[in-house]
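Given next are the chains, with one letter for each unit.
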Amino acid sequence: MKISSLFKPGKTVLSFEVFPPKKTSSIDTIYSTLDELKDLSPDFISVTYGAGGNLADNSTCEIASIIKNKYHIESLAHLTCVSCGKEDIREILKRFKENGIENILALRGDENPDRPAKTDFRYASELITFIKNEDPSFGISGACYPEGHIASDSLVEDIKNLRKKVDAGAEHLVSQLFFDNSAFYSFVERARIAGIETPIEAGIMPVVNKSQIERMVSLCGASLPSKFTRMMSRYDGKPEAIRDAGIAYAVDQIVDLISNGVQGIHLYTMNNPYVARRITESIRSMLNA
Ligand code: FAD
(Lines give C-alpha, C1' and ligand atoms only; values in the text may rest on other atoms or scores of the structure.)
Protein backbone atom coordinates (compact mmCIF):
# COMPACT_ATOMS: atom_id res chain seq x y z
CA MET A 1 0.00 0.00 0.00
CA LYS A 2 1.27 3.44 -0.86
CA ILE A 3 1.92 5.59 2.20
CA SER A 4 0.13 8.55 0.59
CA SER A 5 -3.13 6.56 0.59
CA LEU A 6 -3.08 6.38 4.42
CA PHE A 7 -3.94 10.07 4.70
CA LYS A 8 -7.68 10.68 5.00
CA PRO A 9 -9.82 13.52 6.35
CA GLY A 10 -10.50 13.17 10.09
CA LYS A 11 -7.52 10.89 10.72
CA THR A 12 -4.02 11.76 11.91
CA VAL A 13 -1.45 9.27 10.62
CA LEU A 14 1.02 8.03 13.24
CA SER A 15 4.36 6.69 12.03
CA PHE A 16 7.60 5.65 13.72
CA GLU A 17 11.19 5.85 12.56
CA VAL A 18 13.82 3.28 13.51
CA PHE A 19 17.46 2.89 12.53
CA PRO A 20 19.48 -0.27 11.84
CA PRO A 21 21.69 -1.25 14.81
CA LYS A 22 25.33 -0.13 14.73
CA LYS A 23 27.77 -2.53 13.02
CA THR A 24 29.08 -3.56 16.43
CA SER A 25 25.63 -4.79 17.61
CA SER A 26 23.65 -7.75 16.34
CA ILE A 27 20.80 -7.04 13.94
CA ASP A 28 18.62 -9.01 16.37
CA THR A 29 18.49 -6.00 18.73
CA ILE A 30 16.15 -4.25 16.30
CA TYR A 31 13.74 -7.16 16.37
CA SER A 32 13.03 -6.84 20.07
CA THR A 33 12.42 -3.10 19.46
CA LEU A 34 10.01 -3.90 16.61
CA ASP A 35 8.23 -6.52 18.72
CA GLU A 36 7.31 -3.75 21.15
CA LEU A 37 6.59 -1.06 18.55
CA LYS A 38 4.17 -3.26 16.61
CA ASP A 39 1.85 -3.42 19.65
CA LEU A 40 1.42 0.35 19.34
CA SER A 41 -0.16 -0.15 15.88
CA PRO A 42 1.55 2.65 13.94
CA ASP A 43 0.28 3.28 10.40
CA PHE A 44 3.79 2.69 9.08
CA ILE A 45 7.40 2.40 10.22
CA SER A 46 10.32 3.95 8.36
CA VAL A 47 13.89 2.64 8.45
CA THR A 48 16.86 4.95 7.99
CA TYR A 49 19.67 4.36 5.52
CA GLY A 50 23.42 4.89 5.98
CA ALA A 51 24.48 8.22 4.50
CA GLY A 52 27.15 6.53 2.42
CA GLY A 53 24.62 4.41 0.54
CA ASN A 54 26.83 1.36 1.03
CA LEU A 55 25.55 -1.45 -1.21
CA ALA A 56 27.05 -4.12 1.02
CA ASP A 57 24.91 -2.93 3.92
CA ASN A 58 21.54 -4.50 3.29
CA SER A 59 20.13 -3.81 6.76
CA THR A 60 17.59 -1.13 5.76
CA CYS A 61 16.11 -3.47 3.18
CA GLU A 62 16.15 -6.40 5.59
CA ILE A 63 14.43 -4.50 8.41
CA ALA A 64 11.87 -2.80 6.13
CA SER A 65 11.03 -6.21 4.69
CA ILE A 66 10.51 -7.75 8.15
CA ILE A 67 8.25 -4.85 9.18
CA LYS A 68 6.11 -5.41 6.12
CA ASN A 69 6.16 -9.18 5.74
CA LYS A 70 6.44 -10.42 9.33
CA TYR A 71 4.66 -7.68 11.30
CA HIS A 72 2.26 -6.73 8.48
CA ILE A 73 2.83 -3.03 9.06
CA GLU A 74 3.53 -0.83 6.03
CA SER A 75 7.22 0.08 5.79
CA LEU A 76 9.05 3.04 4.31
CA ALA A 77 12.69 2.37 3.37
CA HIS A 78 14.95 5.43 3.36
CA LEU A 79 17.40 5.63 0.46
CA THR A 80 20.21 8.17 0.01
CA CYS A 81 21.91 8.83 -3.32
CA VAL A 82 24.88 11.14 -2.69
CA SER A 83 27.45 8.34 -2.93
CA CYS A 84 25.61 6.20 -5.46
CA GLY A 85 25.70 5.84 -9.20
CA LYS A 86 22.68 4.85 -11.29
CA GLU A 87 23.72 1.19 -11.30
CA ASP A 88 23.94 1.16 -7.49
CA ILE A 89 20.42 2.58 -7.21
CA ARG A 90 19.12 0.09 -9.79
CA GLU A 91 20.53 -2.75 -7.69
CA ILE A 92 18.98 -1.39 -4.48
CA LEU A 93 15.58 -0.91 -6.14
CA LYS A 94 15.74 -4.50 -7.33
CA ARG A 95 16.37 -5.69 -3.78
CA PHE A 96 13.54 -3.55 -2.43
CA LYS A 97 11.19 -5.00 -5.04
CA GLU A 98 12.25 -8.59 -4.34
CA ASN A 99 11.57 -8.00 -0.65
CA GLY A 100 8.07 -6.62 -1.18
CA ILE A 101 9.01 -3.05 -0.18
CA GLU A 102 6.60 -0.60 -1.82
CA ASN A 103 7.58 2.78 -0.35
CA ILE A 104 10.85 4.72 -0.48
CA LEU A 105 11.87 7.92 1.33
CA ALA A 106 14.12 9.31 -1.41
CA LEU A 107 16.94 11.43 0.02
CA ARG A 108 20.10 13.08 -1.16
CA GLY A 109 21.94 12.28 2.06
CA ASP A 110 25.10 14.03 3.27
CA GLU A 111 28.63 13.52 2.02
CA ASN A 112 30.57 10.96 3.98
CA PRO A 113 34.38 11.32 4.17
CA ASP A 114 34.72 7.53 3.88
CA ARG A 115 32.78 7.35 0.64
CA PRO A 116 33.34 10.11 -1.89
CA ALA A 117 30.24 11.58 -3.52
CA LYS A 118 29.40 10.47 -7.04
CA THR A 119 27.92 12.79 -9.63
CA ASP A 120 24.89 10.89 -10.95
CA PHE A 121 22.53 12.44 -8.41
CA ARG A 122 22.96 15.96 -7.05
CA TYR A 123 19.59 16.32 -5.35
CA ALA A 124 16.80 14.11 -4.01
CA SER A 125 14.55 15.32 -6.85
CA GLU A 126 16.95 13.68 -9.35
CA LEU A 127 16.76 10.41 -7.42
CA ILE A 128 12.95 10.63 -7.45
CA THR A 129 12.86 11.18 -11.23
CA PHE A 130 15.18 8.20 -11.66
CA ILE A 131 13.07 5.88 -9.45
CA LYS A 132 9.86 6.95 -11.17
CA ASN A 133 11.41 6.10 -14.56
CA GLU A 134 12.77 2.77 -13.37
CA ASP A 135 9.65 1.59 -11.55
CA PRO A 136 6.64 3.89 -11.22
CA SER A 137 4.92 1.48 -8.83
CA PHE A 138 7.03 2.59 -5.84
CA GLY A 139 5.36 5.11 -3.53
CA ILE A 140 7.79 8.00 -3.05
CA SER A 141 8.20 10.20 0.00
CA GLY A 142 10.59 13.10 0.51
CA ALA A 143 12.13 15.06 3.38
CA CYS A 144 11.21 18.64 4.21
CA TYR A 145 12.60 21.24 6.59
CA PRO A 146 10.25 23.52 8.57
CA GLU A 147 13.14 25.87 9.45
CA GLY A 148 14.88 25.44 6.08
CA HIS A 149 17.60 22.95 5.18
CA ILE A 150 20.80 23.83 6.99
CA ALA A 151 22.65 24.48 3.69
CA SER A 152 19.87 26.49 2.14
CA ASP A 153 20.34 30.21 1.46
CA SER A 154 16.74 31.12 2.26
CA LEU A 155 13.37 29.67 3.21
CA VAL A 156 12.02 30.81 -0.16
CA GLU A 157 14.73 28.92 -2.10
CA ASP A 158 14.16 25.88 0.05
CA ILE A 159 10.43 25.86 -0.72
CA LYS A 160 11.12 26.30 -4.45
CA ASN A 161 13.43 23.28 -4.27
CA LEU A 162 10.84 21.33 -2.31
CA ARG A 163 8.33 22.05 -5.06
CA LYS A 164 10.80 20.49 -7.56
CA LYS A 165 10.90 17.38 -5.38
CA VAL A 166 7.11 17.13 -5.37
CA ASP A 167 6.89 17.83 -9.11
CA ALA A 168 9.38 15.00 -9.65
CA GLY A 169 6.98 12.59 -7.92
CA ALA A 170 7.16 12.81 -4.10
CA GLU A 171 3.64 12.01 -2.89
CA HIS A 172 4.20 12.52 0.83
CA LEU A 173 6.62 14.62 2.90
CA VAL A 174 8.16 13.95 6.31
CA SER A 175 9.56 16.89 8.21
CA GLN A 176 12.83 17.34 9.99
CA LEU A 177 12.45 17.45 13.77
CA PHE A 178 11.46 20.77 15.32
CA PHE A 179 10.63 21.99 18.82
CA ASP A 180 8.70 25.12 17.93
CA ASN A 181 5.31 24.33 16.39
CA SER A 182 4.92 27.84 15.02
CA ALA A 183 7.88 27.13 12.68
CA PHE A 184 5.99 24.10 11.35
CA TYR A 185 2.73 26.01 10.86
CA SER A 186 4.51 28.78 8.91
CA PHE A 187 6.29 26.17 6.81
CA VAL A 188 3.06 24.35 5.89
CA GLU A 189 1.53 27.68 4.93
CA ARG A 190 4.52 28.51 2.67
CA ALA A 191 4.34 25.05 1.11
CA ARG A 192 0.62 25.38 0.36
CA ILE A 193 1.11 28.85 -1.13
CA ALA A 194 3.83 27.31 -3.35
CA GLY A 195 1.26 24.80 -4.61
CA ILE A 196 2.54 21.80 -2.65
CA GLU A 197 -0.53 19.75 -1.85
CA THR A 198 0.97 16.44 -0.66
CA PRO A 199 0.38 15.24 2.91
CA ILE A 200 3.04 16.67 5.27
CA GLU A 201 3.92 14.78 8.44
CA ALA A 202 5.42 16.55 11.42
CA GLY A 203 8.69 15.01 12.67
CA ILE A 204 8.77 14.88 16.46
CA MET A 205 11.78 13.79 18.46
CA PRO A 206 11.25 13.19 22.17
CA VAL A 207 14.46 14.37 23.79
CA VAL A 208 15.52 12.12 26.60
CA ASN A 209 19.01 13.41 27.39
CA LYS A 210 21.00 16.61 27.01
CA SER A 211 23.80 15.27 24.80
CA GLN A 212 21.21 13.97 22.33
CA ILE A 213 19.74 17.43 21.88
CA GLU A 214 23.15 19.08 21.50
CA ARG A 215 24.09 16.58 18.77
CA MET A 216 20.76 16.92 16.96
CA VAL A 217 20.72 20.66 17.00
CA SER A 218 24.27 20.90 15.64
CA LEU A 219 23.26 18.54 12.81
CA CYS A 220 19.97 20.06 11.78
CA GLY A 221 19.91 23.57 13.26
CA ALA A 222 16.44 23.30 14.89
CA SER A 223 15.68 26.33 17.04
CA LEU A 224 15.05 25.77 20.73
CA PRO A 225 12.24 27.74 22.44
CA SER A 226 13.13 29.08 25.88
CA LYS A 227 10.48 26.81 27.44
CA PHE A 228 12.49 23.87 26.10
CA THR A 229 15.97 25.09 27.09
CA ARG A 230 14.75 25.98 30.60
CA MET A 231 13.41 22.46 30.96
CA MET A 232 16.69 20.92 29.78
CA SER A 233 18.77 23.05 32.16
CA ARG A 234 16.43 22.47 35.10
CA TYR A 235 16.72 18.67 34.89
CA ASP A 236 20.30 18.37 33.63
CA GLY A 237 22.04 15.44 35.34
CA LYS A 238 18.73 13.88 36.45
CA PRO A 239 18.11 11.19 33.82
CA GLU A 240 14.59 10.17 34.82
CA ALA A 241 13.40 13.74 35.20
CA ILE A 242 14.86 14.82 31.86
CA ARG A 243 13.32 11.79 30.13
CA ASP A 244 9.89 12.47 31.62
CA ALA A 245 10.13 16.16 30.80
CA GLY A 246 11.19 15.30 27.21
CA ILE A 247 8.20 12.98 26.83
CA ALA A 248 5.83 15.59 28.26
CA TYR A 249 7.22 18.24 25.89
CA ALA A 250 6.75 15.94 22.87
CA VAL A 251 3.18 15.08 23.94
CA ASP A 252 2.41 18.77 24.39
CA GLN A 253 3.74 19.50 20.87
CA ILE A 254 1.70 16.63 19.38
CA VAL A 255 -1.56 17.62 21.11
CA ASP A 256 -1.15 21.13 19.72
CA LEU A 257 -0.34 19.80 16.23
CA ILE A 258 -3.33 17.44 16.16
CA SER A 259 -5.62 20.18 17.47
CA ASN A 260 -4.42 22.34 14.60
CA GLY A 261 -5.20 19.69 11.99
CA VAL A 262 -1.76 18.19 11.27
CA GLN A 263 -2.03 15.30 8.79
CA GLY A 264 0.52 13.04 10.43
CA ILE A 265 2.98 12.64 13.29
CA HIS A 266 6.29 10.95 12.52
CA LEU A 267 7.92 9.95 15.78
CA TYR A 268 11.70 9.65 15.77
CA THR A 269 11.67 6.75 18.22
CA MET A 270 15.49 6.46 18.53
CA ASN A 271 14.76 2.71 18.83
CA ASN A 272 13.33 3.38 22.29
CA PRO A 273 9.99 1.54 22.57
CA TYR A 274 9.40 2.69 26.16
CA VAL A 275 9.34 6.34 25.10
CA ALA A 276 7.27 5.55 21.98
CA ARG A 277 4.75 3.70 24.15
CA ARG A 278 4.33 6.50 26.67
CA ILE A 279 3.79 9.06 23.92
CA THR A 280 1.45 6.89 21.87
CA GLU A 281 -0.70 6.02 24.87
CA SER A 282 -1.06 9.72 25.70
CA ILE A 283 -2.32 10.68 22.23
CA ARG A 284 -4.03 7.54 20.92
CA SER A 285 -7.63 8.69 21.39
CA MET A 286 -6.92 11.98 19.60
CA LEU A 287 -5.69 10.41 16.36
CA ASN A 288 -9.15 9.60 15.00
CA ALA A 289 -11.18 12.17 16.93
P1 FAD B 1 17.54 17.66 -1.15
O2 FAD B 1 16.07 17.68 -1.25
O3 FAD B 1 18.31 17.32 -2.40
O4 FAD B 1 17.99 19.09 -0.62
C5 FAD B 1 19.32 19.33 -0.19
C6 FAD B 1 19.69 20.80 -0.36
O7 FAD B 1 19.76 21.14 -1.75
C8 FAD B 1 18.66 21.76 0.22
O9 FAD B 1 19.36 22.88 0.73
C10 FAD B 1 17.81 22.16 -0.98
O11 FAD B 1 17.22 23.45 -0.82
C12 FAD B 1 18.85 22.15 -2.08
N13 FAD B 1 18.27 21.78 -3.39
C14 FAD B 1 17.39 20.77 -3.63
N15 FAD B 1 17.12 20.71 -4.95
C16 FAD B 1 17.83 21.70 -5.54
C17 FAD B 1 17.97 22.14 -6.88
N18 FAD B 1 17.31 21.54 -7.88
N19 FAD B 1 18.80 23.19 -7.14
C20 FAD B 1 19.48 23.79 -6.13
N21 FAD B 1 19.39 23.41 -4.82
C22 FAD B 1 18.58 22.38 -4.54
N23 FAD B 1 20.11 11.06 6.00
C24 FAD B 1 20.65 9.82 5.87
O25 FAD B 1 21.84 9.70 5.58
N26 FAD B 1 19.91 8.68 6.05
C27 FAD B 1 18.59 8.74 6.36
O28 FAD B 1 17.94 7.69 6.51
C29 FAD B 1 17.98 10.03 6.52
N30 FAD B 1 16.67 10.15 6.82
C31 FAD B 1 16.09 11.40 6.90
C32 FAD B 1 14.72 11.51 7.16
C33 FAD B 1 14.12 12.75 7.27
C34 FAD B 1 12.63 12.84 7.56
C35 FAD B 1 14.90 13.94 7.12
C36 FAD B 1 14.26 15.28 7.26
C37 FAD B 1 16.26 13.83 6.85
C38 FAD B 1 16.87 12.58 6.73
N39 FAD B 1 18.23 12.44 6.44
C40 FAD B 1 18.80 11.19 6.31
C41 FAD B 1 19.09 13.64 6.31
C42 FAD B 1 19.20 14.11 4.83
O43 FAD B 1 19.90 13.14 4.08
C44 FAD B 1 19.95 15.45 4.84
O45 FAD B 1 19.18 16.43 5.45
C46 FAD B 1 20.48 15.93 3.49
O47 FAD B 1 21.36 17.02 3.73
C48 FAD B 1 19.41 16.45 2.54
O49 FAD B 1 18.68 15.44 2.00
P50 FAD B 1 17.37 15.81 1.12
O51 FAD B 1 16.86 14.57 0.54
O52 FAD B 1 16.44 16.66 1.88
O53 FAD B 1 18.08 16.71 -0.03
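Our structure's up above, just so we're on the same page.
Remember, predicted model here, so these are calculated numbers, not experimental data.

**Details of the overall build of the protein chain**
Scanning the protein chain from N- to C-terminus turns up 10 helices and 8 strands. For a compact globule of 289 residues, the expected C-alpha radius of gyration is about 19 Å, and the protein chain comes in at 18 Å, within 12% of that figure. Considering only C-alpha atoms, the protein chain reaches an extent of 50 × 45 × 40 Å along its principal axes. Taking all 289 residues of the protein chain together, the buried fraction comes to 51%. Excluding contacts between residues fewer than 6 apart, the proportion of contacts in the protein chain whose partners are at least 24 apart in sequence is 80%. For the protein chain, the accessible surface area stands at approximately 13,200 Å², while carbon and sulfur atoms represent 51% of it. The centroid of the 34 positive side-chain charges in the protein chain is displaced by 1 Å from the centroid of its 38 negative side-chain charges.

**Overview of the pairing of strand β8 (residues 264–268)**
Of all 5 residues making up β8, 5 are buried, and the element is well covered by its neighbours. Both faces of β8 are covered, namely the face carrying Gly264, His266 and Tyr268 and the face carrying Ile265 and Leu267. Pairing geometry for strand β1 (residues 13–18) and β8, over 5 bridges, is parallel. Along β8, the bridge assignment pairs Val13 with Gly264.

**Digging into helix α1 (residues 28–38)**
Every buried residue of α1 is accounted for by Ile30, Tyr31, Thr33, Leu34 and Leu37. Looking down the long axis of α1, one finds its buried residues gathered within 160 degrees of arc, a one-sided arrangement. Residues of α1 that are buried sit in contact with β1, β2 (44–47), α2 (59–69) and α10 (273–283).

**Brief notes about the sheet that holds β2**
Hydrogen bonding along the main chain pairs the strands of a sheet, whether they run parallel or antiparallel. A barrel is described by the order of its strands in space; here 8 strands give the closed sequence β1-β2-β3-β4-β5-β6-β7-β8, paired in parallel fashion. Each strand axis lies, on average, 25 degrees off the axis of its neighbour in the sheet, ignoring direction. Both strand β6 (residues 172–177) and strand β7 (residues 200–204) contribute to a ladder of 3 bridges, which runs parallel. When the sheet's bridge partners are listed, Leu177 is paired in β7 with Gly203. The sheet strands contacting helix α3 (residues 86–98) are β3 (74–80) and β4 (103–107), and the helix crosses β3 at an angle near 170 degrees. Running at roughly 175 degrees to strand β5 (residues 139–144), helix α5 (residues 155–168) makes contact with β5 and β6 of the sheet.

What counts, and where the lines are drawn
- Residues numbered from 1 in each chain as written.
- Predicted model: local features only at pLDDT ≥ 70, side-chain atom pairs only at ≥ 80, totals over all residues.
- Heavy atoms only, no water.
- Helix = DSSP H or I, 4+ residues; strand = E, 2+ residues; numbered from the N terminus.
- Rg over C-alpha atoms; globule rule 2.2 N^0.38 Å.
- Buried < 20%, exposed > 50% of the residue type's maximum accessible area, 1.4 Å probe, protein only.
- Contact = heavy atoms within 4.5 Å.
- Areas by Shrake-Rupley, 256 points an atom, 1.4 Å probe, with all protein chains shown as cover.
- Lys, Arg positive; Asp, Glu negative; His and termini not counted.
- Charge placed at Lys NZ, Arg CZ, Asp CG, Glu CD.
- Pairing = 2+ DSSP bridges.
- Arc of directions from axis to C-beta.
- Axes fitted to C-alpha atoms, helices over the stretch in contact; angles between N-to-C directions.

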